[in-house]
Amino acid sequence: MKFSIYRYNPETGEKPYMQEYVLRDIDPGMMLLEALMRLKQDDETLSFRRSCREGVCGSDAMNVNGRNMLACITPLASLREPVVIRPLPGRPVIRDLVVDMSDFYRQYRAVKPYLIVNDPEPEVERLQTPEERERLDGLYECILCACCSTACPSFWWNPDRFLGPAALLQAWRFLADSRDQATDERLQALEGPYRMFRCHTIMNCVDVCPKGLNPTRAIGRIKHLMLKRSF
Amino acid sequence: MSRPAHGLYSWIVQRLSAIYLAVFILYVLEQWIFARATTYEQWKAWLASPVNNIGMGVFIVTLLLHAWIGARDILMDYVHNLGLRLTLFALLILVLLLSGVWALRSLVLVL
């Protein structure tokens, strides 16, 4: 199977280039990550991130044949040859397929992705009804792989000021949580023309999310809540 | 640029104006297709009727607001040099305001 992989090593000062690879031993049902690891056995300078190899850690997001996806849960059989692999778009490249995720994590931290409760700590757990818990489905499953945010043109142009789909999905995850008590502060922090309203409903995020989540819908819910609260 | 209500305000104005623009365009198309007016004099009379005159006036103002928000969004996305962006904003406002004055003036003249 033929691969064309983006190579860049800032230490050599050489310009980025695409390197061709051919992998001969391919097992049925093999995932793309396994192929990369076999290629790395022959060329150990090839760099990429990976950890859990089952779509849970979100480390091995990369751009494959023009789409952002997780290498570990992408079957080789689903890919057209030559498989063109590039780092996530719009992020500074550290080396080969390894990108600098600082902006992405900074925007994630900016939405305060944790429960904010002003009441004194209760004796027992903070309970939720099954319905209240259900509202978090489709939100808490995010693994922060950055497939969505790095597929979003608004995030490409303003990664320092626009939160991006991943962070906005988490903003709604905590706004939707019955136990959270910081709704007004959270909404206030999302106001302004940049932080949330750079979203133009392009929906690349929904298209690429390897977990099948829907950040666009979450952003719509935030706007609705904001509108309701402002009257 | 960052008044507390700025993002939400622009967003809702953009959507409400879009609804009015769409409805009014359909209304004008309907008037055209079933050509109740075919000559210049008849069109003038059509535009001079209070409902059409006010409707068109609101249409022009709404169109300008909608165009401002949309074009402003594009400039905010793509033009990051502050000086260039402010220049383009100023040019845009000038063009929009002048077109607005010109269009509203002909609405008054037709009366």
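Preceding this section is the structure that the text describes.
Quantities reported herein were computed from a predicted structural model and do not represent experimental measurements.

Conventions adopted
- Residues numbered from 1 in each chain as written.
- Chains lettered and ligands numbered in written order.
- Predicted model: local features only at pLDDT ≥ 70, side-chain atom pairs only at ≥ 80, totals over all residues.
- Heavy atoms only, no water.
- Helix = DSSP H or I, 4+ residues; strand = E, 2+ residues; numbered from the N terminus.
- Buried < 20%, exposed > 50% of the residue type's maximum accessible area, 1.4 Å probe, protein only.
- Contact = heavy atoms within 4.5 Å.
- Areas by Shrake-Rupley, 256 points an atom, 1.4 Å probe, with all protein chains shown as cover.
- Lys, Arg positive; Asp, Glu negative; His and termini not counted.
- Charge placed at Lys NZ, Arg CZ, Asp CG, Glu CD.
- Salt bridge = Lys/Arg side-chain N within 4 Å of Asp/Glu carboxyl O.
- Phe/Tyr/Trp six-rings, centres within 6.5 Å; stacked < 30°, edge-to-face > 60°.
- Lys NZ or Arg CZ within 6 Å of the ring centre and 35° of its normal.
- Buried area = accessible area lost by both parts, 1.4 Å probe.
- Nonpolar A, V, L, I, M, F, W, Y, C, P; charged D, E, K, R; others polar.

### Focus: the overall build of chain A
Logical step 1: The secondary structure content of chain A amounts to 8 helices and 7 strands.
Logical step 2: Overall, the C-alpha framework of chain A stretches about 60 × 35 × 30 Å when taken along its three principal axes.
Logical step 3: Of all 231 residues assigned to chain A, the portion counted as buried reaches 48%.
Logical step 4: Long-range pairs, those at least 24 residues apart, make up 63% of the contacts in chain A with a sequence separation of at least 6.
Logical step 5: Of the roughly 12000 Å² that chain A leaves accessible, carbon and sulfur atoms contribute 50%.
Logical step 6: In chain A, the 32 positive side-chain charges and the 31 negative ones have mean positions that sit 5 Å from each other.

### Details of the side chain of Lys 223 of chain A
Logical step 1: Along the chain, Lys 223 of chain A turns up in helix α8 (residues 215-229).
Logical step 2: Despite its burial, Lys 223 of chain A remains without a salt bridge, the nearest opposite charge being carried by Asp 73 of chain B at 9.0 Å.
Logical step 3: With residues near it in sequence (within four places) discarded, Lys 223 of chain A still touches Met 196, Phe 197 and Cys 199 of chain A together with Leu 8 and Trp 11 of chain B.

### Looking at the packing of aromatic side chains
Logical step 1: Using the criterion set out here, one finds 10 aromatic pairs over all chains in the structure.
Logical step 2: Judged by centre distance (5.7 Å) and plane angle (65°), the ring pair of Phe 104 of chain A and Tyr 105 of chain A falls under edge-to-face.
Logical step 3: When its relative accessible area of 36% is taken as the criterion, Tyr 105 of chain A is described as partly exposed.
Logical step 4: Ring geometry for Tyr 27 of chain B and Trp 46 of chain B: centres 6.3 Å apart, planes at 25°, overall stacked. Here the residue Tyr 27 of chain B occupies a position in helix α1 (residues 6-33), and Trp 46 of chain B occupies one in helix α2 (residues 40-48), the gap between them amounting to 19 residues.
Logical step 5: With relative accessibility at 12%, the residue Trp 46 of chain B sits in the buried group.
Logical step 6: One aromatic cluster is present, built from ring pairs that chain together Tyr 20, Phe 24, Tyr 27, Trp 43, Trp 46 and Phe 59 of chain B.
Logical step 7: It is Arg 161 of chain A that lies over the ring of Tyr 194 of chain A; its NZ or CZ is 4.1 Å from the centre.

### What to know about the interface of chain A and chain B
Logical step 1: Counting residues at the interface gives 16 residues for chain A and 16 residues for chain B.
Logical step 2: Across the chain A to chain B interface the summed buried area is about 1400 Å²; carbon plus sulfur atoms make up 57%.
Logical step 3: The largest share of the area that chain A buries against chain B comes from Trp 157, Pro 193 and Arg 198 of chain A, three residues that together contribute 34% of it.
Logical step 4: Linking chain A with chain B are 2 salt bridges.
Logical step 5: A salt bridge links Asp 73 of chain B to Arg 198 of chain A; its shortest N-O distance comes to 2.4 Å.
Logical step 6: Sorting elements by how many residues they give to the side of chain A that touches chain B places α8 of chain A first, with 3 residues.
Logical step 7: A class-by-class count of the residues in the side of chain A that touches chain B yields 6 nonpolar, 5 polar and 5 charged.

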